[in-house]
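# Structural overview
Residue strings, one per chain:
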Amino acid sequence: MATTFGDTLVAIDVKNLYAAYQRQPVLENINLQFPAGKWTAIVGPNGAGKSTLFHVLTGSMKALRGSVQAFGEPITTHRKAGHIAYMAQREAIEWDFPVSVWETVMGGRYGHMRNDPLWRRLLPARWYHPRHGEAVHRALEAVDMLALAKRPIGALSGGQKKRVLLARTLAQQANILLLDEPLAGVDPPSERLILDVLAREREAGRTVIMVTHDMPGARRHVDHVVLINRFIRGVGAPDEMLSDAKLAELAVSSTEQSVYDMAADKASSFTVAQG
Amino acid sequence: MAELMATLGLFGDALVSGLIAAIMVIVNLFPASISDAFQYAFMQRALLTSVLVGAICGILSCYVVLKRWSLLGDAISHAVLPGVAIAYLLGWPFFIGAFITGALTSVGIGAIERHTRIKSDAAMGLMFTGAFALGIVIISKIASSTHLMHILFGNVLGVQQSALLLTLVASVIALLVVWLAYRPLLLYAFDPQQAQALGFNTSVIHYGLILLLTLTIVASLETVGIILVVAMLITPGATAHLLTDRFKTMMLISVGVGVSSAVIGLWLSVVLDVASGGTIVLVATSCFFIALLFSPKHGVVMRQWRRWRMG
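Just so it is clear, the structure is predicted and the values come from calculations on it, not from any experiment.

### Section: the overall build of chain B
Within chain B, the secondary structure is distributed over 15 helices and 0 strands. In terms of overall dimensions, chain B is globule-like: its C-alpha atoms have a radius of gyration of 20 Å, near the 19 Å expected for 311 residues. On the principal axes, the C-alpha backbone points of chain B span a range of 60 × 55 × 35 Å. Evaluated residue by residue, chain B yields a buried proportion of 47% over its 311 residues.

This is how it looks when you write it as structure tokens:
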């Protein structure tokens with residue numbers, strides 16, 4: 001039975017999660033519920049374990065302990081059904097790879113193609129089922145990249161690359177969207193466009209979860225905020241969680257860690273967003 | 001069972017004869033000065049083997065280059081040696097032994113990388129040289145040094161019908177797998193984390209690709225040998241990568257480079273009376289340098305030309 005969050009359904013339910021890299025704890029005792037159909041921002045300093053949390057949710061990293069459920073079922077079931085879309089950071093992608101914008105976005109459809117009969121899968125996707133091509137077309141339209149569909153991904157600007165990655169997540173038509181810093185390093189028009197697209201996804205009833213450092217954007221748009229720095233440092237409404245006092249507290253929260261981790265944290269910086 | 005094998009053998013022989021006949025039709029279009037060399041049965045077998053090896057190495061090399069697996073390919077090719085030796089001792093098909101030691105080595109490399117502070121290049125270096133040394137020791141005990149030379153550097157002119165059949169089967173399997181698993185393989189090579197998020201079993205894809213690599217290496221054993229096969233697994237893909245920004249085109253160019261360098265190299269080695277494996281690799285390397293200089297988009301010449309025109 002799926003749990004509820006107040007009066008809304010819980011999309012992702014993380015219980016008692018621990019994760020580590022090379023025996024260095026990155027996430028400890030994480031108990032988190034992401035409300036369905038809402039837009040959640042995950043905020044924390046660099047090295048706080050935000051991306052690690054996403055790696056656990058997408059299955060590319062194994063947790064030491066704990067469980068993750070989506071709509072009351074193991075999250076793997078939902079991954080296999082293509083319900084969970086993931087947008088990586090720009091640095092995680094090999095931009096030299098010889099694929100076009102269209103082919104990259106079509107990658108978001110590969111999960112769904114497993115449900116197509118085998119003989120069809122041996123043909124180019126566009127021919128055998130128009131719905132894949134249509135989904136890609138609509139996703140590219142949404143991020144205003146249709147004109148560049150044939151361009152190799154290596155020839156795109158920074159903001160365009162972000163938009164292509166977003167289009168790939170949209171093309172999947174998943175009901176949970178995980179976005180790792182979708183707004184990092186993009187120009188203001190791209191940022192506006194990305195926020196608008198995500199707002200529309202939320203209006204369509206999808207659960208949007210993003211890691212972000214963009215406080216003004218988060219304050220304006222999201223419904224729910226999670227503060228994280230190895231432990232959960234706060235969960236609640238944006239105006240409460242993103243208050244200057246709360247963010248300052250989060251920024252110094254690393255002092256509560258053991259001396260052992262201090263060196264690693266010094267390298268990272270976290271600036272409380274101005275205005 | 002024996003009957004089935006005999007039937008399959010007959011079928012294989014017929015298929016080989018058919019393929020050779022088809023290739024000879026093309027060869028005979030060339031002037032006699034070139035086609036004369038291919039009138040002997042051993043040359044025809046060598047030619048067909050070279051074409052097959054050039055083709056599957058060309059396909060696999062796209063993945064090797066894009067996935068940055070060049071060193072891993074080198075490691076697996078060396079690690080195959082003890083497997084081949086043990087299989088020879090036990091009278092098994094080469095492929096089984098080769099696959100076992102190749103896979104064990106790649107698993108070992110992964111384990112050292114994950115559980116110790118040793119980095120991946122050192123892990124690969126120490127694992128494959130160890131396996132290679134074991135292979136050399138076993139072979140020195142059971143076979144002559146010419147035999148060892150043939151495994152290490154290939155002996156395409158001495159390819160037997162059985163080895164040719166093995167290469168043929170390996171090529172067909174590799175081709176089928178790449179066709180059937182085209183999308184998962186592409187996605188895994190491009191963005192493994194995305195593949196994982198979409199619910200693909202990435203460890204199956206990972207070890208599947210390693211299995212394909214091993215299969216290709218074993219298939220190339222007789223042609224270029226396990227030392228030079230690494231070149232055939234890197235050079236065609238690297239050449240193609242300089243020439244296109246489309247994955248399918250890259251595969252076609254890579255296969256083209258693989259097949260043409262295998263055929264031209266074979267012919268040159270006979271005409272010049274030099275080692276075939278080495279000649280094949282040198283032709284492939286020449287293709288790479290030509291692409292490096294003259295590629296329309298990423299070539300040195302065109303880049304200089306553009307700079308000159310701009311400035």
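### Points about unusual backbone geometry
Residues other than glycine seldom take positive phi values, yet E181 of chain A does so here, at roughly 50 degrees. In this fold, E181 of chain A is placed in the loop between β8 (176-180) and α9 (188-203). The exposure class of E181 of chain A is buried, given the 22 C-beta atoms found within 10 Å. One non-glycine residue with positive phi stands out, namely D273 of chain B, at about 55 degrees. The topology assignment puts D273 of chain B in the loop between α13 (247-272) and α14 (276-294). The class of D273 of chain B is exposed, set by 7 C-beta atoms lying within 10 Å.

### What to know about the sheet that holds strand β4 (residues 39-43) of chain A
Residue and element names in this part refer to chain A. Judged by pairing direction, the sheet is mixed, and its 6 strands sit side by side in the order β7-β8-β9-β4-β10-β11 without closing on themselves. The open sheet is flanked by β7 (84-87) and β11 (231-236), the only strands paired with a single partner. Along the sheet, successive strands turn relative to each other by an average axial angle of 15 degrees, direction set aside. Along the sheet face, helix α8 (residues 158-171) touches β7 and β8 and points at about 175 degrees away from the line of β7. Sitting on the sheet, α9 touches β4, β8 and β9 (207-211), and the angle it makes with β9 is about 145 degrees.

### What about the pairing of β9 of chain A?
Residues and elements named next belong to chain A. Buried residues dominate β9, accounting for 5 of its 5 residues. Relative to β9, β4 is paired through 4 bridges, and the arrangement is parallel. In the strand pairing of β9, T40 is matched with I209. Direction of pairing for β8 relative to β9: parallel, over a ladder of 5 bridges. Looking at β9, one finds that I176 is bridged to T207. Handedness of the crossover joining β8 and β9 through α9: right-handed.

### Points about the environment of A171 of chain A
Residues and elements named next belong to chain A. Tracing the backbone through its elements, the reader meets A171 in helix α8. Owing to 26 C-beta atoms within 10 Å, A171 belongs among the buried residues under this scheme. Here the alpha-carbon distance between A171 and A139, two residues 32 residues apart in the chain, equals 5.3 Å. Excluding anything up to four places from it in sequence, A171 contacts V105, G108, R109, A135, V136 and A139.

### Quick word on the packing of helix α12 (residues 225-243) of chain B against α13 of chain B
Residue and element names in this part refer to chain B. In the contact formed by α12 and α13, the axes pass within 8 Å of each other and the chain directions differ by 130 degrees. By the angle class used here, α12 and α13 are oblique. The crossing of α12 and α13 is right-handed. In contact with M232, P236, G237, T239, A240, H241 and L243 of α12, α13 contributes M250, I253, S254, V257 and G258. Of the residues belonging to the contact of α12 with α13, the class tally is 7 nonpolar, 5 polar and no charged.

### A look at the domain arrangement of chain A
All names here are of chain A. Domain boundaries assigned for chain A yield domain 1 (4-83 + 174-274) and domain 2 (97-173). Tallying the contact residues gives 12 residues for domain 1 and 13 residues for domain 2. Sorting the residues of the side of domain 1 that touches domain 2 by element identifies β8 and α9 as the ones contributing at least two each. Residue composition of the side of domain 1 that touches domain 2, grouped by class: 8 nonpolar, 3 polar and 1 charged.

### As for the pairing of strand β5 (residues 65-70) of chain A
Residues and elements named next belong to chain A. As paired elements, strand β2 (residues 8-21) and β5 share 5 bridges and run antiparallel to each other. Residue pairing across strands places D13 opposite Q69, the latter belonging to β5. Where β5 lies against strand β6 (residues 73-74), 2 bridges are found, and the strand directions are antiparallel. Across the sheet, the residue bridging to Q69 is P74, located in β6. Connecting β5 to the next strand, β6, in antiparallel fashion are 2 residues, including F71 with a positive phi near 45 degrees.

### What about the interface of chain A and chain B?
Many descriptions give the size of an interface as the accessible area lost when the pieces come together. In this complex, chain A contributes 23 residues to the contact, which on the side of chain B involves 18 residues. The set of elements that each furnish at least two residues to the side of chain A that touches chain B consists of α2 (75-80), β7 and α4 (110-113) of chain A. The element best represented in the side of chain A that touches chain B is α4 of chain A, accounting for 3 residues. By residue class, the composition of the side of chain A that touches chain B is 12 nonpolar, 8 polar and 3 charged.

### Regarding the environment of R219 of chain A
Residue and element names in this part refer to chain A. As for its placement among the helices and strands, R219 is situated in helix α10 (residues 215-221). Looking at R219, the number of C-beta atoms within 10 Å reads 17, which means it is partly exposed. Expressed as a C-alpha distance, the spacing of R219 and P238, which sit 19 residues apart in the sequence, is 5.7 Å. Apart from the residues within four sequence positions on either side, R219 is in contact with P238 and L242.

### Thoughts on the nonpolar core
Counting residues in hydrophobic clusters, the biggest one holds 172 residues, and the most contacted among them are V105, A167 and L178 of chain A together with I56, L60 and V218 of chain B. The element contributing the most residues to this core is helix α3 (residues 41-66) of chain B, with 16 residues. If you count residues domain by domain, this core takes at least three from each of domain 1 (4-83 + 174-274) and domain 2 (97-173) of chain A.

Basis of the calculations
Numbering of residues starts from 1 in every chain and runs along the sequence as written. By the order in which they are written, chains take letters starting at A while ligands take numbers starting at 1. Thresholds applied to this predicted model are a pLDDT of at least 70 for local features of residues and 80 or more for the giving and counting of side-chain atom pairs; totals over whole chains, interfaces and linings are not thresholded and use all residues. Secondary structure elements follow DSSP: runs of H or I no shorter than four residues count as helices, runs of E no shorter than two count as strands, and numbering proceeds from the N terminus. Radius of gyration here uses only the C-alpha atoms, and the compact-globule reference equals 2.2 Å multiplied by the residue count raised to the power 0.38. Exposure is read from a count of other C-beta atoms within 10 Å of each residue's own; the residue is exposed at 12 or fewer, buried at 20 or more and partly exposed in between. C-beta atoms are placed from the backbone. Two strands form a pair only when DSSP identifies at least two bridges running between them. Axis definition: a line fit to C-alpha positions, over the contact stretch in the case of helices; interaxial angles, taken between N-to-C directions, run 0 to 180 degrees. It is the C-beta atoms, placed from the backbone, that decide contacts: two residues are in contact if theirs lie within 7 Å. Viewed with both strands pointing away, a crossover whose connecting path from the first strand over the helix to the second turns clockwise is right-handed. With respect to orientation, any angle under 35 degrees is reported as roughly parallel, any angle over 145 as roughly antiparallel, any angle of 65 to 115 as roughly perpendicular, and every other angle as oblique. The hand of a helix crossing depends on one turn: near helix anticlockwise from the far one by less than a right angle means left-handed, and clockwise means right-handed. Charged means Asp, Glu, Lys or Arg here, nonpolar means Ala, Val, Leu, Ile, Met, Phe, Trp, Tyr, Cys or Pro, and polar covers whatever is left, Gly included. Domain borders in the structure are assigned automatically or taken from a domain database. A set of buried Ala, Val, Leu, Ile, Met, Phe, Trp, Tyr and Cys residues, joined to one another through C-beta atoms within 7 Å, is what we call a nonpolar core.

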